[in-house]
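Fold and contact review
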Amino acid sequence: MPSYAYFQKQFVPLSEAKIGIMTNCLHYGTAIFEGTRGNWNNEHQQMYIFRLKEHYKRILSGCQLLKMDLPYSVDKLCQITTELAEKCGFKENIYIRSLAYKSSESLGVRLHDLESDFTVFAFPWGPYLKVDKARCSVSSWRRPADNVIPTQAKICGLYANNAFAKTEAVENGFDEAIMLTPDGHVSEGTGENIFLVKDGKLVTPASYNNILMGITRNTVIELAKNELNIETVERQVDRSELYTADECFLTGTAAHITPVAEVDYRKIANGEIGEITKQLQKLYFEIIYGNNSKYSDWCTPVYKK
Ligand SMILES: Cc1ncc(COP(=O)(O)O)c(C=O)c1O
C-alpha cells in the first residue's frame, strides 16, 4: 500500500519526500523526532492514535530547546497527523514518525540562523522488542547529563549515544540495554523508561536521572494509581536494586510495556512476568486499542464514521 508524508507543507507520496545532502540536521543531528502509534481495532474498524497531543507538546518543547520556531500549534500538528493517517488508509498497527528539523542547506555547527521545517509520515510497524520478556544488560555507555545535551527532548543527535548502547547489548546477546546516569544510577533503556516493583509499589527513576519523561511512563503511573491503587515512587534507583526487584518492566511507545526477565544474567524474581506487570499490560492494551471508554480522551480516531 503506498504511503504518504506531510512534507514542505503538503501531502506527497512518501517516496517523493526527500531532502538535500547539505541539509543541516543530517550533519549535526539538529532535529527533534517523535514516535507515536496508531493502533488498529478490527472490531471497531477504527485506528486510534494514542496520546497524540502529548507527543506534539513534547516535540514543541524540544523545538524551544533547539531554537526552532515552527509555525504550527499542537492542535494543527494533531490535525495534520490525523489527516495523514487517514490518507495512508492502513488497517493495521502503524508507527507515526514526526520530525522537526533544521532544514537550511547550510553547514556549520550552530542552532541559530537556520530555517526549520516539519515532516511526518507513517508506516505499518509491529512490536519493537519482539520478545515477550526482555533480557537486558547494564550498558557500559552512560546516558549524558542535561549539561552535556538535554535528555528531556528527543534530539536526533542524542540518539547516537543510545545506538552505541543498543548495539553493544544486542551484539552481546541481550534484547535491550539499561543505561546509567553519569554518576552510576539507573536511568532508562535506549528507547524505554524502566520501572521496578518493590514491596507492592512501583519505583522508577526521576526526572533528575537524565530520563526522557515518557508518555507511556506517565500512562503507567496514572493507571497504577487510578485503576490498581498502586503508588509510584519517582526517585534515584541503584543498579543493584535492579537485580533484587520483585518485578521489572520497560515502557515506551515502540516497546509498549515489556516485562524484563533478566538483567546482567540475573533473573528478576523467578524470571516470569510479574502479577502487577500483567495487570498493567492488560489495562494498557485495552486502552490503546480504544476498548476502555474511560480513557477515550487519550485515543484519537482516524477514520470518519
Ligand atoms: C530514550 C527514550 N526513553 C524513553 C522513551 C519512552 O517514551 P514514550 O513512552 O513517550 O514513548 C523513549 C521513546 O520515545 C526514548 O527514546
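Please refer to the structure higher up on the page.
Values in this document were obtained by computation on a predicted structure and should not be read as measured data.

Regarding the nonpolar core
Residues I32, M47, Y56, Y72, I94, F118 and V120 are the most contacted members of the largest nonpolar core, which totals 35 residues. Among the elements of the structure, β3 (31-41), β4 (46-50), α2 (52-65), α3 (74-88), β5 (94-102) and β6 (116-124) are those that each provide at least two residues to this core. In terms of residues, this core owes the most to one element, α3, which gives 7 residues. In this view, I94 contacts T36, R37, G38, M47, A85, A122, F123, P124 and W125; residues no more than four positions away in its chain are not counted. With 21 residues, the next largest nonpolar core counts Y48, V197, L223 and A224 among its residues.

Section: the sheet that holds strand β16 (residues 299-301)
One open sheet holds the 7 strands; their spatial order is β2-β1-β6-β5-β3-β4-β16, and the pairing between them is antiparallel. Each of the sheet's edge strands pairs with one partner strand only, and the pair in question is β2 (10-13) and β16. In this sheet, neighbouring strand axes are inclined to one another by 25° on average, regardless of whether the strands run parallel or antiparallel. The pairing of β4 with β16 spans 3 bridges and is classified as antiparallel. Considered in β16, the bridge of I49 is made with T300.

Considerations on unusual backbone geometry
Backbone geometry at R51 places phi at a positive 50°, although glycine is not the residue there. Along the chain, the position of R51 falls in the loop between β4 and α2. Among the residues examined, R51 registers a relative accessible area of 7% and is labelled buried. With phi around 55°, H256 is a residue other than glycine that occupies positive phi space. Along the chain, the position of H256 falls in strand β14 (residues 256-263).

Some thoughts on α2
For α2, built from 14 residues, the straight-helix expectation of 20 Å at 1.5 Å per residue is met to within 8% by its first-to-last C-alpha distance of 20 Å. Taken residue by residue, α2 has L52, H55, Y56, R58, I59, G62 and C63 as its buried positions. Summarising the axial view, the buried residues of α2 lie within an arc of 155°, below the 170-degree limit, and thus occupy one face. Projecting away from the buried face of α2 at angles above 90 degrees are the exposed residues K57 and Q64. Where α2 ends, the next residue or the one after it, K67, has phi of about 55°, a positive value.

Re the site of the ligand
In the neighbourhood of the ligand, 17 residues make up the surrounding shell, with K154, Y159, I215, T216 and T253 lying closest. Note that a nitrogen atom of the ligand is positioned 2.9 Å from one of the side-chain N or O atoms of E188. Between the ligand and the protein, one listed contact pairs an oxygen atom with a backbone N or O atom of I215 at 2.7 Å. For the ligand, the accessible surface in isolation is 380 Å², of which the surrounding protein chains cover 96%. Taken together, the elements giving at least two residues each to the shell around the ligand come down to α4 (159-171), α5 (215-228) and β13 (247-252).

How each quantity is defined
Residues numbered from 1 in each chain as written. Predicted model: local features only at pLDDT ≥ 70, side-chain atom pairs only at ≥ 80, totals over all residues. Heavy atoms only, no water. Core = buried A, V, L, I, M, F, W, Y, C linked by side-chain atoms within 4.5 Å. Buried < 20%, exposed > 50% of the residue type's maximum accessible area, 1.4 Å probe, protein only. Helix = DSSP H or I, 4+ residues; strand = E, 2+ residues; numbered from the N terminus. Contact = heavy atoms within 4.5 Å. Pairing = 2+ DSSP bridges. Axes fitted to C-alpha atoms, helices over the stretch in contact; angles between N-to-C directions. Expected span 1.5 Å × (residues − 1). Arc of directions from axis to C-beta. Near = heavy atom within 4 Å. Polar contact = N/O pair within 3.5 Å; in protein donor to acceptor, adjacent residues only side chain to side chain. Areas by Shrake-Rupley, 256 points an atom, 1.4 Å probe, with all protein chains shown as cover.

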